[in-house]
Amino acid sequence: MKTTAADAFAPPTGDMSKEDFRRFGHELIDWISDYFEQIEGLPVLSQIEPGELKAQLPPSPPEKGESMAAILADVDRLIVPALTHWVHPSFFAYFATSTSAPGIFGELLAAAFDNKAMLWRTSPASTELEEVALDWLRQMMGLDAGLSGIIYDTASVSSMHAIAAAREGVELRIREEGMSGRADLPLLRVYASEQAHSSIDKGIITLGLGQRALRKIPTDSEFRMDPKALAAAIEEDKRNGIVPFCVVATVGTTSTSSIDPVPAIVEVCERHTLWLHVDTAYAGSAAVVPEFRHLVAGCERADSIVTNPHKWLFTPFDLSVLYCRHMDLLRRAFSLVPEYLRTPEQEKVRSGSDYGIQLGRRFRALKLWMIIRYFGHEGLAARIREHCRLAKLFTTWVEGSPDWELLAPVPLSLVCFRACPQVEAADEPARNLRLDVLNEAIMHGVNSTGQALLSHTKLHDKLTLRLSIGNIRTTEKHVRQVWELLNEQLKLLRSTRE
Ligand code: PLP
């Protein structure tokens with residue numbers, strides 16, 4: 001990082017001088033601006049070897065403070081090469097996400113305010129802005145007014161809290177007596193499809209329910225939960241004395257972005273009085289686009305819904321939202337107010353720490369509020385709509401080529417596909433094995449160019465390439481480039497194998 005300021009060291013006591021703060025602050029914003037301008041020249045995937053960064057850093061802390069100029073120079077020299085650039089427009093791996101300028105400003109201000117939003121009085125702004133921003137988001141997504149929102153860091157944590165609230169509703173005094181050493185406790189069951197995200201498994205493990213408490217329901221040929229199989233599993237469990245209490249449906253699964261049939265699943269839940277939690281971590285943002293709102297159909301009857309603005313709403317990591325219809329149960333599961341946190345207004349206000357395991361909470365609502373205000377509902381919808389258009393365009397190229405095939409429907413901005421050239425093989429499993437090796441080599445070939453990044457999954461036992469579009473900077477040019485890179489790699493690998 002080029003800094004013009006003379007060596008600036010910390011004064012003997014107190015923080016940085018206001019002159020240095022102002023100067024480095026301006027230089028840092030200039031640096032970030034240059035970073036975005038020059039990012040396409042950087043390799044998307046970090047090119048360092050494991051341990052390389054650690055080996056270049058001193059093993060012990062400096063005795064005396066160092067100059068800000070030296071620290072920032074090391075960001076350039078050491079940190080940037082060790083970054084995988086999630087904000088690169090050709091980052092197509094996992095779920096592509098992105099930060100945005102108003103989001104960065106929101107983070108900067110939140111760091112400056114450094115509020116711990118544990119009680120209303122420790123941060124009225126954070127507490128009340130959170131309620132307002134989440135209600136705006138709820139309206140933009142077309143969700144039911146009976147849902148109240150709360151911000152956590154990640155969807156993993158949001159879902160864990162939802163399952164904890166659902167368990168609290170079972171009235172088995174688990175909060176008071178726990179689950180261990182209790183002969184009176186039946187096996188409690190949660191249901192999710194075999195395509196559900198691993199965070200559901202982890203939430204169940206964390207809550208002490210044990211992995212056997214999670215029953216995986218089969219999916220159909222398009223990777224959607226089979227509601228008939230769900231109903232049958234619940235009925236079988238009940239006959240065996242097991243107590244079902246929660247179903248997790250997914251709108252936008254991680255591997256393929258498949259959409260579980262929530263309207264049919266909610267019927268099953270209502271019939272058996274089970275809590276329905278819907279994981280829309282990725283796809284929920286698409287509901288801000290009016291023509292995609294049908295994707296959250298049935299969610300108006302759900303008990304809780306998680307959505308991640310840090311995935312596809314241009315919000316810097318982290319910010320996950322849990323919408324819940326039974327905030328009283330969430331509160332009952334987690335509220336605990338020791339004397340030192342008692343306040344005169346506590347009965348009249350909401351305090352974030354009553355709704356989760358964290359006491360102090362970051363002022364995350366600020367960045368979301370700024371993003372919604374800066375882009376507006378229309379602006380957010382336009383960007384998501386464009387990502388879906390690009391995914392459809394890429395899909396037409398895959399479908400139009402004899403060398404490639406689609407492996408899952410493309411409801412939004414994720415394309416699952418593979419190269420499928422003619423290969424000699426004794427049977428279908430042998431052919432798939434050869435294609436797995438080929439596709440893995442194509443993916444590593446593309447990724448090692450540094451010009452784009454893809455990730456993979458397995459679908460019906462086939463290695464599947466995933467192209468996810470969700471970065472605010474991604475344009476048609478980048479999607480065309482990665483298609484060319486894929487075809488170059490295929491050609492290269494074919495010629496070396498012939
Ligand atoms: N749920 C789904 C459907 C996801 O795709 C993911 C991550 O990709 C998660 C949950 C976990 O998200 P987080 O990293 O916010 O915990």
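Going by the structure above, here's the rest.
Residues numbered from 1 in each chain as written. Predicted model: local features only at pLDDT ≥ 70, side-chain atom pairs only at ≥ 80, totals over all residues. Heavy atoms only, no water.

**Q** For the overall build of the protein, give the residues involved together with the corresponding values.
**A** Scanning the protein from terminus to terminus reveals 15 helices and eleven strands. Taking 498 residues into account, the globule formula puts the C-alpha radius of gyration at 23 Å, and the protein, at 25 Å, falls close to it. Dimensions of the protein along its principal axes, counting C-alpha atoms only, are 75 × 70 × 45 Å. Scored against the burial criterion, the 498 residues of the protein give a buried share of 52%. (Helix = DSSP H or I, 4+ residues; strand = E, 2+ residues; numbered from the N terminus. Rg over C-alpha atoms; globule rule 2.2 N^0.38 Å. Buried < 20%, exposed > 50% of the residue type's maximum accessible area, 1.4 Å probe, protein only.)

**Q** Explain the side chain of S304 to me, and be specific about the residues and the numbers.
**A** Relative to the elements of secondary structure, S304 occurs in strand β6 (residues 304-307). Reaching out from S304, the side chain makes a polar contact with the side chain of W275 at a distance of 2.8 Å. When neighbours within four sequence positions are excluded, S304 is seen to be in contact with A162, W275, L276, H277, V278, L322, Y323 and C324. (Polar contact = N/O pair within 3.5 Å; in protein donor to acceptor, adjacent residues only side chain to side chain. Contact = heavy atoms within 4.5 Å.)

**Q** Kindly report on a nonpolar patch on the surface, identifying the contributing residues and their values.
**A** Judged by side-chain polarity, I29, F105 and L108 come together as a nonpolar surface patch covering roughly 270 Å² of accessible area. You can see I29 is positioned in helix α1 (residues 18-38). I29 sits in the partly exposed class, given a relative accessible area of 35%. (Patch = residues over 30% accessible without salt bridge, like charges linked within 9 Å, V, L, I, M, F, W, Y side chains within 5 Å. Areas by Shrake-Rupley, 256 points an atom, 1.4 Å probe, with all protein chains shown as cover. Salt bridge = Lys/Arg side-chain N within 4 Å of Asp/Glu carboxyl O.)

**Q** Give a description of the site of the ligand that names residues and reports values.
**A** Taken together, 13 residues are adjacent to the ligand, and A155, S156, T254, D279 and N308 come closest. If you list the elements that add at least two residues to the shell around the ligand, you get α6 (155-168) and α11 (309-312). Considering only residue class, the shell around the ligand consists of three nonpolar, eight polar and two charged. (Near = heavy atom within 4 Å. Nonpolar A, V, L, I, M, F, W, Y, C, P; charged D, E, K, R; others polar.)

**Q** Outline the packing of aromatic side chains, supporting the account with residue identities and numerical values.
**A** Scanning the model with the defined rule gives 16 aromatic pairs in all. An aromatic cluster is present here, built from F394, W397, W404, F417 and W483 joined pairwise through their rings. When the ring centre of Y355 is taken as reference, the NZ or CZ atom of R350 above it lies at 5.3 Å. One Lys or Arg, R473, reaches over the ring of F36 and ends 3.9 Å from the middle of that ring. (Phe/Tyr/Trp six-rings, centres within 6.5 Å; stacked < 30°, edge-to-face > 60°. Lys NZ or Arg CZ within 6 Å of the ring centre and 35° of its normal.)

**Q** Break down the side chain of T256 for me, citing the residues and quoting the values.
**A** Structurally, T256 can be placed in the loop between β4 (243-250) and α10 (262-272). Within the structure, T256 has its side chain in polar contact with the side chain of T253 (distance 3.3 Å).

**Q** Got a sec to walk through helix α5 (residues 124-141)? Specific residues and values, please.
**A** Over its 18 residues, α5 extends 26 Å from the first C-alpha to the last, a length consistent with the 26 Å expected when each residue adds 1.5 Å. The set of residues buried in α5 consists of S126, T127, L129, E130, A133, L134, L137, R138, M140 and M141. Elements that come into contact with the buried residues of α5 comprise β1 (148-152), β6, α11, β7 (320-324) and α13 (365-399). (Expected span 1.5 Å × (residues − 1).)

**Q** Could you give an account of helix α3 (residues 68-79), naming the residues involved and the relevant values?
**A** Every α-helical turn comprises 3.6 residues, leaving residues that sit three or four positions apart pointing alike. Among the residues of α3, those classed as buried are A69, L72 and L78. Contacts made by the buried residues of α3 are with α1 and α2 (52-56).

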